[in-house]
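What the coordinates show
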Amino acid sequence: MAPDIAIEPIAVRHIESYHQALDVVARERRYLTFLEAPPLEDTRKFVLDMIDNKHPQFVAVKDGEVVGWCDIRRHFFPSHAHRGSLGMGIIPACRGQGLGLRLMETTLKEARQCDIIRVELSVHADNARAIRLYEKAGFVSEGVSKDAARIDGRYLDVVNMALIFSRT
Ligand SMILES: CC(C)(COP(=O)(O)OP(=O)(O)OC[C@H]1O[C@@H](n2cnc3c(N)ncnc32)[C@H](O)[C@@H]1OP(=O)(O)O)[C@@H](O)C(=O)NCCC(=O)NCCS
């Protein structure tokens, strides 16, 4: 546990440092679909849209800087609007301290309050730490997409996972 790291709903003041954290994790070229952050203005639009539409997005903040994030974006079509897609990441220096679980639990709680019933994610099959975290939070595998990602010429299988909240 890292008590000096706060979990906060994302706000406009976080955008630049969220963009920086996203870029750091993306450039590791191991975990994310992005291999670098999108341009800052695209990230700004994404975050403002998340805020305006009340999609759950939380950031972990240390000394005023974003060090991790977790977001769940609601699907667009009305018949799929009970579903949301989860993405998350933490900069290398802040991993392994239980922050992933704190971010995840806070974001899932908010999703549930927003009537998102089914949360989905995709994770590279070799990302054992992330898969362990997701299983701990209640996600189950719904199957593997073979060779679904290719990074630096290496093909990676992707595990599709989902968590369905009780409807009662
Ligand atoms: C994945 C991520 C969010 C996990 O958050 P975290 O706070 O670092 O998580 P922790 O280190 O506390 O580990 C979570 C669990 O995995 C376990 N774990 C750690 N390394 C592991 C490994 N190599 N194999 C299996 N389990 C592992 C931990 O022991 C812990 O389980 P426990 O609570 O039962 O002990 C974070 O490491 C991260 O951002 N990684 C890079 C980006 C990424 O992978 N994003 C997700 C893309 S889908």
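All residue numbers here refer to positions counted from 1 along the written sequence of the relevant chain. The model is predicted, so local features are restricted to residues of pLDDT at least 70 and side-chain atom pairs to those at 80 or more, both for listing and for counting; the totals for chains, interfaces and linings are taken over all residues. Calculated side-chain values reflect all of the structure's heavy atoms, with hydrogen atoms and water omitted.

Looking at an unreviewed UniProt entry, one finds the protein chain named Acetyltransferase (GNAT) family protein, with Rhizobium mongolense subsp. loessense as its source organism.

1. Notes on the overall build of the protein chain
Selection criterion: In DSSP terms, a helix is any run of H or I states spanning at least four residues, a strand is any run of E spanning at least two, and both are numbered starting from the N terminus. Note on method: radius of gyration uses C-alpha positions; expected globular size equals 2.2 Å times residues raised to 0.38. Burial status follows relative accessibility: with a 1.4 Å probe on protein chains alone, a residue under 20% of its type maximum counts as buried, one over 50% as exposed, and anything between as partly exposed. We call two residues in contact when some of their heavy atoms are within 4.5 Å. Here, Shrake-Rupley sampling with a 1.4 Å probe gives the accessible areas, and only protein chains in the shown set may cover a residue. Positive: Lys, Arg. Negative: Asp, Glu. His and the chain ends are not part of the count. Each charge is placed at NZ for Lys, CZ for Arg, CG for Asp and CD for Glu.
Looking only at helices and strands, the protein chain has four helices and seven strands in total. For a compact globule of 168 residues, the expected C-alpha radius of gyration is about 15 Å, and the protein chain comes in at 15 Å, within 12% of that figure. In terms of overall dimensions, the protein chain has C-alpha extents of about 45 × 40 × 35 Å along its principal axes. Each of the 168 residues in the protein chain was classed as buried or not, and the buried ones make up 45%. A fraction of 61% describes how many contacts in the protein chain between residues 6 or more apart in sequence connect residues 24 or more apart. On the protein chain, roughly 9,400 Å² of surface is accessible, and the fraction owed to carbon and sulfur atoms is 52%. The protein chain carries 23 positive and 23 negative side-chain charges, and their two centres are separated by 4 Å.

2. Regarding the site of the ligand
Using the following cut-off: What makes a residue near a molecule or strand is one non-hydrogen atom of that residue sitting within 4 Å of it. In the analysis that follows, any N or O atom pair within 3.5 Å is treated as a polar contact, provided that within protein one partner can donate a hydrogen and the other can accept it, and provided that, for residues neighboring in sequence, both atoms belong to side chains. Definitions used throughout: a 1 Å grid over protein atoms alone; a cavity as a set of points that fits a 1.4 Å probe which cannot get out; a pocket as an open set with protein on both sides within 12 Å along at least five of seven lines; a lining residue as one with an atom within 4 Å of a point. A cavity or pocket is said to hold a molecule if more than half of that molecule's atoms lie within 2 Å of its grid points. Residue polarity follows a fixed list, in which Ala, Val, Leu, Ile, Met, Phe, Trp, Tyr, Cys and Pro are nonpolar, Asp, Glu, Lys and Arg are charged, and the others, Gly among them, are polar.
Taken together, 20 residues surround the ligand, and among them Ile90, Gly100, Asn127, Arg132 and Lys136 come closest. Between the ligand and the protein, one listed contact pairs a nitrogen atom with a side-chain N or O atom of Arg95 at 3.4 Å. Contacts to the ligand include Gly96, whose backbone N or O atom sits 3.0 Å from an oxygen atom. Relative to its unbound accessible surface of 940 Å², the ligand loses 72% to contact with the protein. Most atoms of the ligand, that is more than half of them, are within 2 Å of grid points of the largest pocket. Across the shell around the ligand, the residue classes tally to 10 nonpolar, six polar and four charged.

3. Observations regarding the UniProt feature "domain: N-acetyltransferase" (unreviewed entry) in the protein chain
The condition that has to hold: UniProt positions are given in the numbering used here, feature names are shortened, and annotations may be inferred rather than shown by experiment.
Within the UniProt annotation, "domain: N-acetyltransferase" (unreviewed entry) is assigned to residues 10–162. Secondary structure across residues 10–162 divides into 33% helix and 34% strand, with the first and last C-alpha atoms of the span separated by 24 Å.

4. Considerations on a nonpolar patch on the surface
Our working definition: Patch membership needs two things, relative accessible area over 30% and no salt bridge, and members are linked within 9 Å if like-charged or within 5 Å if nonpolar (Val, Leu, Ile, Met, Phe, Trp, Tyr). In the sections that follow, a salt bridge refers to a side-chain nitrogen of Lys or Arg positioned within 4 Å of a carboxyl oxygen of Asp or Glu.
On the surface, a cluster of nonpolar side chains totalling about 220 Å² of accessible area is made up of Val12, Leu48 and Ile51. By the secondary structure assignment, Val12 is in the loop between strand E1 (6–9) and helix H1 (15–26). By relative accessible area, Val12 is classed as exposed at 53%.

5. Concerning the state of the cysteines
Put plainly, two cysteines are in a disulfide when a covalent bond ties their sulfur atoms together. Selection criterion: Cysteine sulfur atoms are paired as a disulfide whenever they fall within 2.5 Å.
By the definition in use, this model includes zero disulfides. Cys94 forms no disulfide, and the closest cysteine sulfur to it belongs to Cys70, at a distance of 16 Å. Its relative accessible area of 4% is what places Cys94 among the buried residues. Counting only cysteine sulfurs, Cys70 is the nearest neighbor of Cys114, a cysteine outside any disulfide, at a range of 13 Å.

6. Quick word on the pairing of strand E5 (residues 118–124)
Quick reminder of the rule: Any two strands with at least two DSSP-identified bridges between them are counted as paired. By convention a crossover is right-handed if, when the strands point away from the viewer, the path from the first strand over the helix to the second runs clockwise.
Taking burial as the measure, the seven residues of E5 include six buried ones, the bulk of the element. Of the strand pairs in this sheet, strand E4 (residues 83–90) and E5 are connected by three bridges, and their pairing is parallel. Its bridge partner lying in E5, Arg83 is registered against Arg118. One crossover worth recording links E4 to the parallel E5 by way of helix H3 (residues 99–113), and it is right-handed.

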